[in-house]
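# Per-entry structural report
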Amino acid sequence: MLERTQRSGRRLFEWVEAGFNRIGGHRWNPFYQLGALSFFFFWIITVSGLYLYIFFRTGTTAAYESVEYLTIDQWYLGGVMRSLHRYASDAFVVTIVLHILREFFIGRYRYFRWFSWVTGVPLLWLTFAAGIGGYWLVWDSLAQYIAITTAEWLDWLPFLTDPIARNFLNQASMSDRFFSLLSFLHIAIPLFLLLGMWIHIQRMTLPRSNPTRILAVGTISALLVLSFILPATSQEPANLDNLVFTVNLDWFYLNFYPLLDKWSAGSIWALVFGVTLLLVVMPWLPPHKPEPVAVVDLENCNGCGRCFDDCPFGAVDMFPRTDNLPFSHEAVVDSALCASCGICVGSCPTATPFRRATALVPGIDMPQLKIADIRDKTVQAAEKLTGHDRVIVYGCRNGTDINRLQGSGVAVISLPCISALPPSFIDFVIARGHAEGVFLTGCQQGDCYYRLGIDWTEQRIAGLRDPALRKKVPRERVATCWSGPVGFARQKAELVSFRAQLLEMGPNRRNGAIINKTDTPDSKGG
Ligand code: HEM
Ligand code: SF4
Ligand code: SF4
């Protein structure tokens, strides 16, 4: 049931995302940057909020009047700021909700990701608390409705000895001091939210907290246009001596208010508590058996720190050496943080298939797919290939099922992440004549399941990141295809054209002689 829901949800997201990719490419696809967009909206809310705060007056009549002044008299700036504040807040809720749904459908909330998920839960409630408080400050008829309904709901709590609702009995009972408290809360809650957002991304290396420039410019332009053509306005001024019968609700923040009218306060508390509890325990439902994590082999670790730099989840730390080898540091893996992605293995300089003098044991390795196994698989698969356009496809398990690409001239090797492949393997395949070309494929660009795998792979091939692919390796014999789980047709087409290009280029030569795996001195072992 859970799996079926996730599969359907995932398909829906993939379908919509593919549409966005077709229109403007991955760099402008908002679905790949929902967390970053949420940050962006938060900054817009903060800047516009600071401006509004300069003119805002606390007090039962002053509050409404100061907001009206901004909206009407100062429409060209104050009004635009108010609208930006409102619409960015609405968009903030949308991106957060989509962010939660997407992480859930893709299954990116379990195992090592529990921390990001669980620290996200309070952010959701803080966002609603901040937004509802904002509507309250305007002190129009909507604010009056929210104030009374919320107060009655909060008063259900047994530890509140002084009922809040008493403040809203009539016009005279509403004090200016209560208003000052509200405006203080409207600043304090977002500050807690910011602290929570900071904690939320602490376990990630290079978290994407800023959207791409094109998306940022597009988003702020859209918000500005909306602010000019549909400025945010207030409803009738609040009057506690009158009852409020009809209000226009904001469906982003106040969507559950109709429930507060229909259900008892206790039932709503039970619902909020139940949803929170469910969200918090979700990463462990159902319980799972963890995958083996990366293991350091001290004898082969020279303390270079590349695994530390490349691990997307901060699972590797560098500590002072504990053995007698002449290096200052050694890598240590924190198994609680490790995603079993193997990216650290791809970054380790000792993980080279050319190594023949000693057994191929790198400084860091994955027990479930050792680097020596990848070399053996490569050599064995290559031996069965025929033709002059032979290709070895290395694919990530989160992309398409690469077995469907297999054929007489194509061998496939599946990896946890494409960046788990040290670039020296590409060199090895081409220089040793195991195939005419290497085809690397995996997640959709901009949406790597392990966050940084595609970036690291591209930078290593371009020679911008260690371990870099040697300059000597002919780049025209290396192809990459970031097609994602639904991009099989594209992947197949690109592989076909890559093989045609290899045929055209002719056999791989060194010093004029054709390189063939059977010519190499160590062809038996690889
Ligand atoms: C204020 C609201 C939020 C903001 C600003 C935010 C922002 C972010 C950012 C910037 C990332 C890192 C993305 C990356 O670099 O790959 C992230 C990841 C994540 N967020 Fe949020 N988030 C928010 C709310 C939530 C909520 C409510 C949940 C779930 C209950 C959640 C669950 C996650 C998870 C599971 C990840 C990890 C993704 C990964 O490891 O690939 N977030 N978030
Ligand atoms: S397997 Fe991935 S998460 Fe674990 S230490 Fe290596 S790079 Fe980090
Ligand atoms: S990349 Fe390899 S050699 Fe360098 S610190 Fe990590 S495990 Fe050790």
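Residues numbered from 1 in each chain as written. Chains lettered and ligands numbered in written order. Predicted model: local features only at pLDDT ≥ 70, side-chain atom pairs only at ≥ 80, totals over all residues.

## Observations regarding the overall build of the protein
Our working definition: Each helix is a run of H or I in the DSSP string that is no shorter than four residues. Each strand is a run of E no shorter than two, and both are numbered from the N terminus. Exposure in this text rests on C-beta crowding, where 20 or more other C-beta atoms within 10 Å of a residue's own make it buried, 12 or fewer make it exposed, and counts in between make it partly exposed. The C-beta atoms are placed from the backbone. What counts as a contact here is a pair of residues whose C-beta atoms, placed from the backbone, lie within 7 Å.
Helix and strand content of the protein: 16 helices and ten strands. Counting only C-alpha atoms and orienting by the principal axes, one finds that the protein spans roughly 95 × 50 × 45 Å. For the protein, with 526 residues in total, the buried portion stands at 38%. Partitioning the contacts of the protein with sequence separation of at least 6, the portion at a separation of at least 24 is 74%.

## Describing the packing of helix α2 (residues 34-55) against helix α8 (residues 213-229)
Our working rule: All axes here are fitted lines through C-alpha atoms, helices being fitted over the stretch that makes contact, and every angle between N-to-C directions spans 0 to 180 degrees. When describing relative orientation, an angle under 35 degrees is termed roughly parallel and one over 145 degrees roughly antiparallel, while 65 to 115 degrees is termed roughly perpendicular and anything else oblique. By convention, the crossing between two helices is left-handed when the near helix turns anticlockwise from the far helix through less than a right angle, and right-handed when the turn is clockwise. Residues were grouped as follows: Ala, Val, Leu, Ile, Met, Phe, Trp, Tyr, Cys and Pro as nonpolar; Asp, Glu, Lys and Arg as charged; and all remaining residues, including Gly, as polar.
Axis separation between α2 and α8 bottoms out at 11 Å; the angle between their running directions is 45°. Classified by the angle between their axes, α2 and α8 sit oblique to one another. Crossing of α2 against α8: the hand is right-handed. In this structure, α2 uses Leu37, Phe40 and Ile44 to contact α8, whose residues at the interface are Ala216, Thr219, Ile220 and Leu223. By residue class, the composition of the contact of α2 with α8 is six nonpolar, one polar and no charged.

## Observations regarding the pairing of strand β5 (residues 391-396)
To keep it simple, the criterion reads: Strands qualify as paired when DSSP identifies two bridges or more between them.
With six of six residues buried, β5 is to be regarded as a mostly interior element. Burial of the side chains of β5 extends over both faces: Val391, Val393 and Gly395 are buried on one face and Ile392, Tyr394 and Cys396 on the other. Across five bridges, β5 lies against strand β7 (residues 437-442) in parallel orientation. Paired with Val391 across the bridge in β7 is Gly437.

## Some points on the site of ligand 2
Cut-off, in case you're wondering: In this entry, near means the residue's backbone-placed C-beta atom lies within 6 Å of the molecule or strand.
Lining the immediate surroundings of ligand 2 are 14 residues, of which Cys311, Cys338, Cys341, Ile343 and Cys344 lie closest. Per-class residue counts for the shell around ligand 2 are twelve nonpolar, two polar and no charged.

## Quick notes on the nonpolar core
Formally: What makes a nonpolar core is a set of buried Ala, Val, Leu, Ile, Met, Phe, Trp, Tyr and Cys residues, with links drawn between C-beta atoms within 7 Å.
In this structure, Cys344, Val345, Ile392, Val393, Val438 and Phe439 are the most contacted members of the largest nonpolar core, which totals 64 residues. When residues no more than four places from it in sequence are discounted, the contact partners of Cys344 are Ala294, Cys307, Asp310, Cys311, Val316 and Ile364. Within the second largest apolar cluster, 45 residues are counted, among which are Phe41, Val80, Met81 and Leu84.

## Brief notes about the sheet that holds β5
Across the sheet, four strands lie side by side as β6-β5-β7-β8; this open sheet has parallel pairing. Two strands lie at the open edges of the sheet, namely β6 (410-415) and β8 (478-482), each paired on one side alone. Taken pair by pair, the neighbouring strands of this sheet meet at an average axis angle of 20°, ignoring direction.

## Here we look at helix α16 (residues 488-505)
Stated formally: Given a helix with a known number of residues, its expected span is that number minus one, times 1.5 Å. The arc in question is formed by the directions pointing from the helix axis toward the C-beta atoms.
Its 18 residues place the ends of α16 25 Å apart at the C-alpha level, agreeing with the 26 Å of an ideal helix rising 1.5 Å per residue. Every buried residue belonging to α16 is among Gln491, Leu495, Phe498, Arg499 and Leu502, and all of these are buried. Along the axis of α16, the buried positions cluster into a sector of 100°, meaning they face one direction only. Seen from the open side of α16, the exposed residues pointing more than 90 degrees away from its buried face are Ala489, Ser497, Ala500 and Glu504. Structurally, α16 contributes buried residues whose contacts are with β5, β6, β7 and β8. Backbone geometry just downstream of α16 places Gly506 in the positive-phi region, at approximately 85°.

## Quick word on the domain arrangement of the protein
What counts, and what does not: Domain limits in this description derive from either an automatic procedure or a database domain assignment.
Looking at the assigned domains, one finds that the protein contains domain 1 (2-284) and domain 2 (295-519). Listed as interface residues are eleven residues of domain 1 and, on the opposing side, 15 residues of domain 2. Of the residues that constitute the side of domain 1 that touches domain 2, the class distribution is five nonpolar, three polar and three charged.

## A look at the environment of Ala357
By the secondary structure assignment, Ala357 is in the loop between α12 (343-347) and β4 (364-365). Classification of Ala357 as exposed rests on a count of 4 C-beta atoms within 10 Å. For the pair Ala357 and His388, spaced 31 residues apart in sequence, the C-alpha separation works out to 31 Å.

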